[in-house]
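Each chain, letter by letter, is given below.
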Amino acid sequence: MAQKGVQLDQETISCSICLDILKDPVTIPCGHSYCMNCIKTHWDKEDERRIHSCPQCRQTFTPRPVLVKNTMLAALVEELKKTGLQAAPADFCYAGPEDVSCDVCTGRKLKAFKSCLVCFVSYCEKHLQPHFDAAPLKKHKLVDPSKKLQENICSRHDEGMKMFCRTDQQCICYLCSVEEHKGHDTVSAAAERTERQRELEVSRQNIQQRIQDREKDVKELQQQVEAINRSADKAVEDSEKIFTQLIRLIQKRSSDVKLQVRSQQETEVSRVKELQEKMEQEITELKRKDAEMKKLSHTEDHNQFLHNYPSLSALSESTSSINIRPLRYFEDVTAAVSELRDKLQDLLREKWTNVSLTVTEVDVLLPQPEPKTRARFLRYLCEITLDPNTAHTQLLLSEGNRKATVMSQHQSYSSHPDRFPYLCQVLSSESLTGSCYWEVEWRGRGVCVAVVYKNISRGGWSNECVFGYNDKSWMLSCNNNSYTFWYNNVQTPVSGPRSSRVGVYLDHSAGILSFYSISETMTLLHIVQTTFTQPLYAGLWFFFFCRHC
């Protein structure tokens with residue numbers, strides 16, 4: 001009995017919102033008590049409706065009551081805390097406003113522990129016990145507490161909705177299936193769930209696969225970003241070094257010109273000053289001579305005059321006179337430097353266009369999806385010409401090197417290291433990068449259509465030289481009876497409609513190579529997904545005409 005009294009005290013001093021001992025207890029007009037912060041928070045959420053209610057009895061108050069601390073209850077709480085009482089035991093786990101409450105409890109309801117999909121009732125642990133003890137109840141379906149149990153009951157017949165109408169795509173009860181849904185395609189909800197569960201699992205697998213694919217794409221995009229940043233940083237760093245070298249070179253040339261001008265300036269000024277000093281000395285001498293002659297001219301003694309005249313009349317040799325002409329000094333240097341500047345500006349303008357185009361042509365976009373129609377493939381059409389330097393001597397190239405014909409006689413090609421001397425093979429002149437599409441039309445016994453790295457071997461019968469028999473070439477063999485794809489000496493049978501025209505699509509950056517049969521429709525024969533490490537070249541091999549065949 002004493003323990004019961006303690007439990008009653010605990011219930012009295014517990015807040016039904018936080019389920020803990022009351023903190024700063026307040027009592028609202030209906031008589032229920034709460035922690036001050038708990039009821040304030042609850043009413044703050046109701047401020048928009050301007051109607052405030054009690055979380056327990058739902059009584060409403062207008063206007064919002066003023067909260068005042070309940071001093072008596074606060075004193076009781078403090079007293080009980082001193083006795084060692086801390087919190088309500090687990091048996092008193094009451095349902096809050098956001099919890100699912102037990103439908104069987106009377107008075108203050110406990111939290112539901114499980115909900116029953118047969119009874120459509122939620123139970124606390126105590127009232128759930130019969131479902132574990134009574135044999136008929138053990139078969140009921142128990143789930144985590146749910147507030148949506150009533151949605152499982154037919155509003156028309158007040159029965160559990162255990163059927164599913166596929167015609168109307170809705171859950172129904174048994175009575176619905178024989179009344180308004182009579183004649184419809186109906187199954188049990190469990191059977192429909194099983195079917196939908198399978199579909200759900202397939203969808204989940206697809207989603208998980210897409211997640212993996214997208215995570216891989218995101219990783220590749222991140223690698224793209226890092227590669228772009230590394231490449232851009234290196235380009236900026238290298239460009240700065242080059243421009244710094246150019247600036248230093250110009251500064252050195254400027255310094256050289258300055259030194260040369262100053263040196264020449266010093267030389268010329270020295271020469272002029274030397275000449276100037278000689279002329280000044282000559283002027284002094286001439287003035288002295290003139291003064292002596294003047295004095296002699298005033299002598300009255302004829303004999304004295306005649307005696308001194310010979311020594312004064314003889315003049316020393318004069319310094320060469322200076323021809324007065326237009327002088328340019330160092331203007332030619334300025335003109336030469338100006339001419340250099342103009343040429344550099346012209347060169348920079350010309351080359352800067354190339355630099356700018358190179359920057360704008362940087363392609364970091366992901367490859368576009370492969371086209372679906374021939375019209376879209378033709379947007380990527382490449383004009384393929386055959387390289388005479390690679391053609392076997394029995395191949396006659398014509399129509400601007402766009403047609404190859406096998407001849408019985410050898411053609412008079414000049415010797416070239418790129419030629420295939422033993423195999424009736426030929427490569428294109430153009431290297432293939434980016435997205436390219438071309439078509440091959442053939443007549444006769446057959447042809448092999450290939451894409452090839454240029455460094456494939458040329459000089460023998462070994463697999464290293466044969467299209468499709470090594471890791472440097474991919475080849476589709478075409479004849480009137482069948483198609484076969486070859487790579488690295490591994491053959492793959494290919495099915496598809498026979499046609500004398502084959503389309504080839506290459507997306508080099510995406511690593512996609514696909515072959516198509518072209519007639520009234522366009523049919524995919526074979527597709528390759530790989531990584532191309534070098535530029536590719538289109539190739540033809542007339543295998544029926546090889547000497548060893």
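Computed from a predicted structure; not experimentally measured.

Caption draft 1: Up close: the sheet that holds strand β8 (residues 163–165). Spatially, the three strands line up as an open sheet ordered β9-β8-β10, and their pairing is antiparallel. Both outer strands of the open sheet, β9 (170–172) and β10 (186–188), are each paired with one neighbouring strand and no more. Going from strand to strand, the sheet's axes swing by 35° on average, the running direction of each strand aside. Relative to β10, β8 runs antiparallel, the two being bridged by three bridges. Of the residues in β10, the one forming a bridge with M163 is S188. Helix-sheet contacts for helix α8 (residues 189–297) involve β8 and β10, and the interaxial angle to β10 is about 90°.

Caption draft 2: Molecular detail of the packing of α8 against helix α9 (residues 302–313). Interhelical geometry of α8 versus α9 gives an angle of 165° and a closest axis separation of 10 Å. The pairing of α8 with α9 is recorded here as roughly antiparallel in orientation. Considering how the two elements wind past one another, α8 and α9 form a crossing that is left-handed. Facing α8, whose interface residues are K289, E292, M293, L296 and S297, α9 presents Q304, F305, N308, Y309, S311, L312 and S313. Residue classes in the contact of α8 with α9 are distributed as five nonpolar, five polar and two charged.

Caption draft 3: Structural view of the UniProt feature "domain: B box-type" (unreviewed entry) in the chain. Under the present numbering, the feature "domain: B box-type" (unreviewed entry) in UniProt falls on residues 149–189. Secondary structure within residues 149–189 divides into 15% helix and 22% strand; the distance between the first and last C-alpha atoms comes to 15 Å.

Caption draft 4: Representation of the packing of aromatic side chains in the model. Tallied over the entire structure, the rule returns 14 aromatic pairs. Here the aromatic rings of Y422 and W461 are separated by 5.4 Å at their centres, their planes lie at 40°, and the arrangement is tilted. Placement of the pair is Y422 in the loop between β12 (403–406) and β13 (425–427) and W461 in the loop between β15 (446–453) and β16 (473–479), with a sequence separation of 39 residues. Its relative accessible area of 32% is what places Y422 among the partly exposed residues. With relative accessibility at 35%, the residue W461 sits in the partly exposed group. Taken together, a centroid distance of 5.5 Å and an interplanar angle of 85° make the contact between Y453 and W474 edge-to-face. Of this pair, Y453 sits in strand β15 while W474 is found in strand β16, placing the two residues 21 residues apart along the sequence. By the burial criterion, Y453 is buried, and W474 matches it. Ring pairing ties together the aromatic residues F377, Y380, Y437, Y505 and Y516, which thus form one cluster. In this arrangement the basic side chain of R108 is found over the ring face of Y94, its NZ or CZ atom lying 3.9 Å from the centre. Sitting over the face of the ring of F113, K114 holds its NZ or CZ atom 6.0 Å from the ring centroid.

Caption draft 5: Just the UniProt feature "coiled-coil region" (unreviewed entry) in the chain, in detail. With numbering matched to this structure, UniProt assigns "coiled-coil region" (unreviewed entry) to residues 204–238 and 262–299. Helix makes up 100% of residues 204–238 and strand 0%, with an end-to-end C-alpha separation of 50 Å.

Caption draft 6: Focus on the pattern of salt bridges. Per the counting criterion, the structure on display carries 23 salt bridges. Taking the shortest distance from any N to any O, the salt bridge between D238 and K234 comes out at 2.8 Å. Placement of the pair is D238 and K234 together in helix α8, with a separation of four residues, close to one helical turn. Connected via shared salt-bridge partners are R374, E439, E441 and R501.

Caption draft 7: Looking closely at the nonpolar core. Counting 35 residues, the largest nonpolar core has W438, V449, W474, L476, L513, F515 and L540 as its most contacted members. Of all the elements, β15 adds the most residues to this core, at four residues. The contact partners of V449, leaving out residues within four places of it in the chain, are V440, W474, M475, L476, C478, V504, F515, G539 and L540. The next biggest cluster of nonpolar side chains, apart from the first, holds 16 residues, and it includes L22, C54, L73 and V77.

Caption draft 8: A look at α8. With 109 residues, α8 extends 154 Å from end C-alpha to end C-alpha; this agrees with the ideal 162 Å at 1.5 Å per step. Turning to α8, its buried residues number three or more, namely E192, E282, K289 and L296. The elements touched by buried residues of α8 are β8, β10 and α9.

Caption draft 9: Highlighting the pairing of strand β19 (residues 501–507). Most of β19 sits inside the fold, with six of its seven residues counted as buried. In the sheet, strand β14 (residues 435–441) pairs with β19 via seven bridges, with the strands oriented antiparallel. Across the sheet, E439 pairs through a bridge with G503, a residue of β19. Strand direction decides the pairing type here: β19 and strand β20 (residues 512–518), joined by six bridges, are antiparallel. Note that in β20 the partner of D507 across the bridge is I512. Connecting β19 to the next strand, β20, in antiparallel fashion are four residues, including G511 with a positive phi near 70°.

Caption draft 10: Examining the pairing of β16 more closely. With seven of seven residues buried, β16 is to be regarded as a mostly interior element. On β16, burial covers both faces: S473, M475, S477 and N479 on one face and W474, L476 and C478 on the other are all buried. Bridge count between β15 and β16: seven bridges; the pairing is antiparallel. Considered in β16, the bridge of V449 is made with L476. Relative to strand β17 (residues 483–487), β16 runs antiparallel, the two being bridged by five bridges. Note on β17: the bridge partner recorded for M475 is W486. A loop of three residues connects β16 with β17, the two strands running antiparallel in sequence.

Reading guide: rules and limits
- Residues numbered from 1 in each chain as written.
- Predicted model: local features only at pLDDT ≥ 70, side-chain atom pairs only at ≥ 80, totals over all residues.
- Heavy atoms only, no water.
- Pairing = 2+ DSSP bridges.
- Helix = DSSP H or I, 4+ residues; strand = E, 2+ residues; numbered from the N terminus.
- Axes fitted to C-alpha atoms, helices over the stretch in contact; angles between N-to-C directions.
- Contact = heavy atoms within 4.5 Å.
- Parallel < 35°, antiparallel > 145°, perpendicular 65-115°, else oblique.
- Left-handed = near helix turned anticlockwise from the far one by under 90°.
- Nonpolar A, V, L, I, M, F, W, Y, C, P; charged D, E, K, R; others polar.
- UniProt positions renumbered as here; feature names shortened; annotations may be inferred.
- Phe/Tyr/Trp six-rings, centres within 6.5 Å; stacked < 30°, edge-to-face > 60°.
- Buried < 20%, exposed > 50% of the residue type's maximum accessible area, 1.4 Å probe, protein only.
- Lys NZ or Arg CZ within 6 Å of the ring centre and 35° of its normal.
- Salt bridge = Lys/Arg side-chain N within 4 Å of Asp/Glu carboxyl O.
- Core = buried A, V, L, I, M, F, W, Y, C linked by side-chain atoms within 4.5 Å.
- Expected span 1.5 Å × (residues − 1).

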